[in-house]
Amino acid sequence: DYKVGYIRLTRFSKASTTRYVEAVQALEDAGAQSYILDVRNNYGGVIQEAMLTASTMLRDPHAVLCYTMNARGGFTPHDAEEYIVDSRYPGYLLSSESKHATIDQVQKENPAMFVANGLAWDPPSSYASLHEQVTKRGIRRIGYRDDLATILEKDPVLKAQFQAQKKVVLLINE
């Protein structure tokens, strides 16, 4: 008996983020093995809440969630790591791994981000361009041209993380 959880997100706000986390927990308790996230007819809302919600679905703290454009037309990447250090971050959800897996990775990679009583709000990726992340920090993102099977065979840790990820279908409007 394969159980699929269904969550509809009609807006992005503090309240909807809270309800999303509660819904995931209830579905996990009911034994959900995969999810359908329905954002059809979602009329938007607070971008930080949308990014916080999206960051809970990503194991890789360096995954780019969105780009913002400055007044000069330059793009700044915003990755999951920016939201993982938010005190409201509920953890890595929709996986059989621990919900602390992503924050543990960030803490291991960047111990300076963490202070004695919690987190310091200064993720290195929040001010680094993609080029700087590759050249200075060695962060390499998997691109659409990369062969995922080859990458997973070469990296057993990444393969285990990939296998732990629950299947997610995202329903969107055109």
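You'll find the structure just up there.
So, a few notes on the structure that sits alongside this text. (Residues numbered from 1 in each chain as written. Predicted model: local features only at pLDDT ≥ 70, side-chain atom pairs only at ≥ 80, totals over all residues. Heavy atoms only, no water.)

Some words on the nonpolar core
With 24 residues, the main nonpolar core has Ile-7, Tyr-20, Val-24 and Leu-94 as its most contacted residues. For this core, the secondary structure elements donating two or more residues are helix 1 (14-29), strand 2 (34-38), helix 2 (47-55), strand 3 (64-69), helix 3 (80-84) and helix 4 (101-109). If sequence neighbours within four positions are ignored, Val-24 has contacts with Ile-7, Tyr-35, Leu-93 and Leu-94. (Core = buried A, V, L, I, M, F, W, Y, C linked by side-chain atoms within 4.5 Å. Buried < 20%, exposed > 50% of the residue type's maximum accessible area, 1.4 Å probe, protein only. Helix = DSSP H or I, 4+ residues; strand = E, 2+ residues; numbered from the N terminus. Contact = heavy atoms within 4.5 Å.)

Some points on the pairing of strand 2
For strand 2, the buried fraction is high: 4 of the 5 residues fall into the buried class. Where strand 1 (residues 4-8) lies against strand 2, 5 bridges are found, and the strand directions are parallel. Residue pairing in the sheet places Val-4 in a bridge with Ser-34 of strand 2. A crossover connection joins strand 1 to the parallel strand 2 through helix 1; in handedness this β-α-β unit is right-handed. Sheet analysis places strand 2 next to strand 7 (residues 167-171), joined by 5 bridges and oriented parallel. What sits directly across from Asp-38, in strand 7, is Leu-171. (Pairing = 2+ DSSP bridges. Right-handed = clockwise from strand over helix to strand, strands pointing away.)

With respect to the pairing of strand 3
In terms of strand pairing, strand 3 meets strand 4 (residues 75-79) through 5 bridges, oriented antiparallel. In the sheet register, Tyr-67 faces strand 4, and the bridge partner there is Pro-77. In this antiparallel pair of consecutive strands, strand 3 and strand 4, the connection spans 5 residues, and Gly-73 shows a positive phi of 90°.

Concerning helix 1
A rise of 1.5 Å per residue sets the reference length of helix 1, with its 16 residues, at 22 Å; its end C-alpha atoms lie 23 Å apart and thus fit the reference within 8%. Of the positions making up helix 1, those classed as buried are Ser-16, Thr-17, Tyr-20 and Val-24. End-on view of helix 1: buried residues confined to an arc of 105°, all on one side of the axis. Facing away from the buried surface of helix 1 by more than 90 degrees, the exposed residues are Lys-14, Glu-22 and Asp-29. (Expected span 1.5 Å × (residues − 1). Arc of directions from axis to C-beta.)

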